[in-house]
Amino acid sequence: MIENNNIAFRFENSLDFALNEDQIDALGKYRGEFWIPKQSGGKESIYLCGNSLGLQPKNTFSYVNQELEDWKNLGVNGHVKSSNPWLSYHESISESMAKVVGAKPIETVVMNTLTNNLHLGMVSFYRPSKKRYKILIESDAFPSDRYAVESQVSFHGYNPKEGILKMKARENESLIRWKDLEECIEREGESIALILLGGVNYYTGQYFDLKRIAEKGHKKGCMIGFDLAHAVGNVEINLHDSGADFAVWCTYKYLNSGPGAIAALFVHERHAQNDDLPRFTGWWGHNKKTRFNMRKEFDSLSGAEGWQLSNPPILGLAPVKASLDIFNKVGMRALRAKSIKLTSYLEFLLDQINDERIRIITPSNQWERGCQLSIQIKKSDKKLFDMITDEGVVADWREPDVIRVAPVPLYNSFKDVFDFVQILQDGLKRI
Ligand SMILES: *Cc1c(COP(=O)(O)O)cnc(C)c1O
């Protein structure tokens, strides 16, 4: 459930205050477990782009190296004899991953990449009929999701123009209102085959109440899928309890597993043994006991594992394992608690700038956002963004006028946030 009341903090607009917060921060020590990119002068940059590509944990190197060593020394025998036997390597990761998203291990598998998994999920859960063939998405859904959805609708012989419903914010507003979303599902529900929404919208940072959407959609007979690329590792997701039919996410954003890292798929337990669901199959989704007999008919594994196609890329999974070991040590609850405070501090400082050109489009309700704030700078072009980049800020620019910043609780500090706002303020004076 999304709560209504914000936690009130007593913040101060001073470097001393920020430094003191870092001192008393119980998670502050984890910053040292990451490589913080340096500016050209050798100073650490102010990295606020973990929503796009998370930083490298220092332990990643040894996890990958371990597998290279085992491969070097054991060859094919590494499948069973390496320190983390490759045959079952993905299983231990599925368990850690399940904890991060609030799912059961049987509901979670780490495989492929996000858009691949989105297609595999839709193969099973987008089953259009003449009466019910639409997919509901956000109008500003991530481009890859839009393309994937369009191609699925066309693939089934429907016209994307009619087959895709786009949930829009109202005129002159940036966020989707609950009332509008629920009314849309109520009105169009019987023609919607699949509701596919982002958990946290990549552009606005709006975090949706997944359970509320799933309940509403299921009442109307729709299937529910979530793209959690910007939610996982960022907010506490109770994916099992949400009741979603399937979900997908990548691991290179908040999960710090490296560029293009291996992604994940969630399939709700209620579908674990459902052999009637159509799916695309491969040998790694087949019963482990008879997988190597090679001549048997397909016998699907129970749960999300049954959606696997290929034997997993161990060198790609090692960084995921390295990262999840940190997440499991810290726990999403503690991370989220720090995250709420850190982002609220950013919001507090931005409000203090007191400049009419600035508007935060992300919800001000702490429970309706993750760590990211999307800052609209009216009448600005990319000049301001280039200025702050020159000063060592790594953030993200979205045309026409939005800067996205994501203070990540695992490695960003209150000082990062303070320094960023100082630099932004100086930049504003110069444009
Ligand atoms: C990052 C992101 C993607 C990227 O997809 P890949 O298949 O990993 O390239 C897709 N959808 C959303 C919502 C994202 O945030």
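Look up a bit, the structure's there.
Now for a look at the structure at hand. (Residues numbered from 1 in each chain as written. Predicted model: local features only at pLDDT ≥ 70, side-chain atom pairs only at ≥ 80, totals over all residues. Heavy atoms only, no water.)

**Regarding the site of the ligand**
As a reminder of what qualifies: We call a residue near a molecule or strand when any one of its heavy atoms sits within 4 Å of it. Polar contacts here mean pairs of N or O atoms no more than 3.5 Å apart (in protein, one a potential hydrogen donor and the other a potential acceptor; neighbouring residues in sequence count only if both atoms are side-chain atoms). Using the Shrake-Rupley algorithm and a 1.4 Å probe, accessible areas are obtained, with residue cover drawn only from the displayed protein chains. Gly counts as polar in this scheme, as do all residues outside two lists: the nonpolar Ala, Val, Leu, Ile, Met, Phe, Trp, Tyr, Cys and Pro, and the charged Asp, Glu, Lys and Arg.
Leu114, Thr115, Phe142, Asp145, Asp227, Ala229, His230, Tyr252 and Lys253 make up every residue found near the ligand. Take Thr115: an N or O atom from its side chain is 2.5 Å from an oxygen atom of the ligand. One nitrogen or oxygen atom from the side chain of Tyr252 is found 2.6 Å from an oxygen atom belonging to the ligand. Burial of the ligand by the surrounding chains reaches 83%, relative to a free accessible area of 390 Å². Of the residues contributing to the shell around the ligand, the split by class is four nonpolar, two polar and three charged.

**Some words on the packing of helix α12 (residues 332–353) against helix α14 (residues 414–430)**
Here is the rule: Lines fitted to the C-alpha atoms define the axes, with helices restricted to the stretch that makes contact. Angles between their N-to-C directions range from 0 to 180 degrees. Secondary structure elements follow DSSP: runs of H or I of four or more residues count as helices, runs of E of two or more count as strands, with numbering from the N terminus. When describing relative orientation, an angle under 35 degrees is termed roughly parallel and one over 145 degrees roughly antiparallel, while 65 to 115 degrees is termed roughly perpendicular and anything else oblique. With the far helix as reference, a near helix turned anticlockwise by less than a right angle produces a left-handed crossing, and one turned clockwise produces a right-handed crossing. Every residue pair with non-hydrogen atoms within 4.5 Å of one another is taken to be in contact.
Their axes nearest at 10 Å, the elements α12 and α14 cross at an angle of 20°. Judged on the interaxial angle alone, α14 and α12 are roughly parallel. Handedness of the α12/α14 crossing: right-handed. Here Lys338, Lys341, Leu342, Tyr345, Leu346, Leu349, Leu350 and Ile353 of α12 lie close against α14, whose contacting residues are Phe414, Val417, Phe418, Phe420, Val421, Leu424, Gln425 and Leu428. Taken together, the residues that form the contact of α12 with α14 break down as 13 nonpolar, one polar and two charged.

**Observations regarding a nonpolar patch on the surface**
Applied cut-off: Patches here are clusters of residues that have more than 30% relative accessible area and form no salt bridge, with a 9 Å joining cutoff for like charges and a 5 Å cutoff for nonpolar side chains (Val, Leu, Ile, Met, Phe, Trp, Tyr). By salt bridge we mean one thing: a side-chain nitrogen of Lys or Arg within 4 Å of a carboxyl oxygen of Asp or Glu. Only protein chains enter the accessibility calculation, which uses a 1.4 Å probe; a residue is then buried when its area is under 20% of its type maximum, exposed when over 50%, and partly exposed in between.
Together, Leu68, Trp71 and Leu315 make up a nonpolar patch on the protein surface, roughly 300 Å² of accessible area in all. Secondary-structure assignment places Trp71 in helix α2 (residues 60–74). Judged by its relative accessible area of 53%, Trp71 is exposed.

**Overview of the sheet that holds strand β13 (residues 402–405)**
Formally: At least two bridges found by DSSP between two strands are what make those strands a pair.
The antiparallel open sheet is built from four strands, whose spatial order is β9-β10-β13-β12. In this open sheet, the two strands that pair with only one neighbour each are β9 (358–360) and β12 (396–398). Taken pair by pair, the neighbouring strands of this sheet meet at an average axis angle of 30°, ignoring direction. Both strand β10 (residues 373–377) and β13 contribute to a ladder of four bridges, which runs antiparallel. The partner of Ile375 across the bridge, within β13, is Ile403.

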